[in-house]
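This is what each chain is made of:
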Amino acid sequence: MLTNALRHGAGGVAEVELRHDRAGLTLTASNPLATRTRARPDSPHRGLQGIRSRVTMFAGSTSYGPAPDGSAWITTVTFPLDSS
């Protein structure tokens, strides 16, 4: 998530929030959107696919997209916790 923020965000700034409750662990990263993408033309563009793949290995879920006002990109991953 932080690599994506560095590659595609504005200025290499990101906020990370970690939440924990009985149901699970949630990690949210948000970063300001750049006016132009910084991705290298030779980049394979597999960041979100890689995040989703790793999260599902642990029965987690992921969501991502622009903030409602379009100023930032938000990625959230949630991992369920075993109740035993």
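Located above this text is the structure these notes cover.
Keep in mind that this is a model prediction, so the values were computed, not measured.

A. Seen up close, the sheet that holds strand β3 (residues 61–66). Here 4 strands make up an open sheet; going across it, the order is β1-β2-β4-β3 and the pairing antiparallel. The sheet is open, and its two borders are formed by β1 (15–20) and β3, each paired with just one other strand. For this sheet, the mean angle separating the axes of adjacent strands, direction not counted, is 10°. Looking at chain direction, β1 and strand β2 (residues 24–32) are connected through 6 bridges and run antiparallel. Bridging from a neighbouring strand, Leu18 pairs with Leu27 of β2. Contacts from helix α2 (residues 47–57) reach β3 and β4 (72–80) within the one sheet, and its direction differs from that of β4 by about 15°.

Rules of the game
Residues numbered from 1 in each chain as written. Predicted model: local features only at pLDDT ≥ 70, side-chain atom pairs only at ≥ 80, totals over all residues. Heavy atoms only, no water. Pairing = 2+ DSSP bridges. Helix = DSSP H or I, 4+ residues; strand = E, 2+ residues; numbered from the N terminus. Axes fitted to C-alpha atoms, helices over the stretch in contact; angles between N-to-C directions. Contact = heavy atoms within 4.5 Å.

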